[in-house]
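Okay, here's what each chain looks like letter by letter:
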Amino acid sequence: YCEAGFFNSQYASLGRRSTVSGKAQTWELLLCDTQGTACINEQNYTVAQGDLICLRPGDEWKLSLPMRASYVRVGEDAEDVIERMQSWTRVFSVHDAHAVKTAMNEIAEAGQKQDTLLLLATLASLVVMLDQEHNRDTKLDAGARKRTRDSIRAGIAYIEEHYREKCTLNQIAEHAERSPIYFHDVFQDVMGM
């Protein structure tokens, strides 16, 4: 069992709610297209565009809205894939979000065509890619990840405060207390733009 797709809270009938929540029935991977917060088993995480949320069966989750994410759900019968995912943290940054999203789209297409062989091959390829991404992300210590996220937030806050003015990379990076080159690279990796 495996399925993939795209979730956009804009098209869901959510009324006036500010969060969406549930309990994971299967292994579920969500590649975030938006920033916000995720609460998994009462643990809060800040998520940015390009972050992957890894839910396990039984996890209780809540996501802030609006939320857009590509997703893949994997059934318990994919034991070799699940074995790799068991060591993953609940949320981690994905360096090549475009490649991950492309693989998720290919899984969705293979599922629609009912091409089981292609679906399983693409799923295996995706999990290997995400395993490498997870290992790269966990090499950063928690302090470095927090400083990076704080810098991105400071840059975004500066842009929001000065959006009517001509903002330069130098001004934004200075406000974020980073060099322009470093801020540009990190911003592009985290935000995908």
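Treat the numbers as computed from the prediction; the structure is a model and nothing was measured. (Residues numbered from 1 in each chain as written. Predicted model: local features only at pLDDT ≥ 70, side-chain atom pairs only at ≥ 80, totals over all residues. Heavy atoms only, no water.)

Participant: What should I look at first to understand the overall build of the protein chain in this one?
Facilitator: Check the secondary structure of the protein chain and you find six helices and nine strands. Within the protein chain, the proportion of its 193 residues that are buried is 44%. Within the protein chain, residue pairs in contact and separated by at least 24 positions form 73% of the contacts whose partners lie at least 6 positions apart. Counting only carbon and sulfur atoms, one obtains 49% of the accessible surface of the protein chain, whose full area is about 11,200 Å². (Helix = DSSP H or I, 4+ residues; strand = E, 2+ residues; numbered from the N terminus. Buried < 20%, exposed > 50% of the residue type's maximum accessible area, 1.4 Å probe, protein only. Contact = heavy atoms within 4.5 Å. Areas by Shrake-Rupley, 256 points an atom, 1.4 Å probe, with all protein chains shown as cover.)

Participant: Can you help me understand the sheet that holds strand 3 (residues 27-32) in this one?
Facilitator: Strand pairing in a sheet relies on backbone hydrogen bonds. The paired strands run either parallel or antiparallel. Judged by pairing direction, the sheet is antiparallel, and its five strands sit side by side in the order 1-8-3-6-9 without closing on themselves. A strand with exactly one partner marks an edge of an open sheet, and here the two such strands are strand 1 (2-8) and strand 9 (91-93). Looking at each pair of strands side by side, their axes are set apart by 20° on average, direction ignored. Strand direction decides the pairing type here: strand 6 (residues 51-55) and strand 9, joined by three bridges, are antiparallel. Bridge assignment links Ile53 to a residue of strand 9, and that residue is Val91. The strands touched by helix 2 (residues 97-112) are strand 1, strand 3, strand 6 and strand 8 (68-74); relative to strand 1, the strand with the most contacts, the crossing angle is about 120°. (Pairing = 2+ DSSP bridges. Axes fitted to C-alpha atoms, helices over the stretch in contact; angles between N-to-C directions.)

Participant: Mind showing me how you'd approach the pairing of strand 8 here?
Facilitator: In terms of burial, strand 8 is largely enclosed, as five of its seven residues are buried. When strand 3 meets strand 8, the two strands line up antiparallel, connected through six bridges. Paired with Cys32 across the two strands is Ala69, which belongs to strand 8.

Participant: How should I be thinking about the sheet that holds strand 5 (residues 43-47) in this particular structure?
Facilitator: One open sheet accounts for four strands, arranged 2-7-4-5; its pairing is antiparallel. Both outer strands of the open sheet, strand 2 (19-23) and strand 5, are each paired with one neighbouring strand and no more. Between one strand axis and the next, the sheet turns by 20° as a mean value, whatever way the strands run.

Participant: I'm lost on a negative patch on the surface in this one. Help?
Facilitator: A contiguous patch of negative charge on the surface is contributed by Glu76, Asp77, Glu79, Asp80 and Glu83. Along the chain, Asp80 turns up in helix 1 (residues 79-85). Asp80 gets classed as exposed once you look at its relative accessible area, which sits at 60%. (Patch = residues over 30% accessible without salt bridge, like charges linked within 9 Å, V, L, I, M, F, W, Y side chains within 5 Å. Salt bridge = Lys/Arg side-chain N within 4 Å of Asp/Glu carboxyl O. Lys, Arg positive; Asp, Glu negative; His and termini not counted. Charge placed at Lys NZ, Arg CZ, Asp CG, Glu CD.)

Participant: Can you walk me through helix 2 in this structure?
Facilitator: In an α-helix, one turn spans 3.6 residues, which is why side chains three or four residues apart end up on the same side. Here helix 2 contains 16 residues, and its C-alpha end-to-end distance of 23 Å stays within 8% of the 22 Å for a straight helix at 1.5 Å per residue. Of all the positions in helix 2, only Val100, Ala103, Met104, Ile107, Ala108 and Ala110 are classed as buried. Axial view of helix 2: buried residues confined to an arc of 165°, hence all on one face. Of the residues in helix 2, the exposed ones pointing more than 90 degrees away from the buried face are His98 and Gln112. (Expected span 1.5 Å × (residues − 1). Arc of directions from axis to C-beta.)

Participant: Would you mind going over the side chain of Asp131 with me for this structure?
Facilitator: Among the secondary structure elements, Asp131 is positioned in helix 3 (residues 116-139). With relative accessibility at 13%, the residue Asp131 sits in the buried group. Every residue in contact with Asp131, bar those within four places of it in the chain, is listed here: Arg84 and Trp88.

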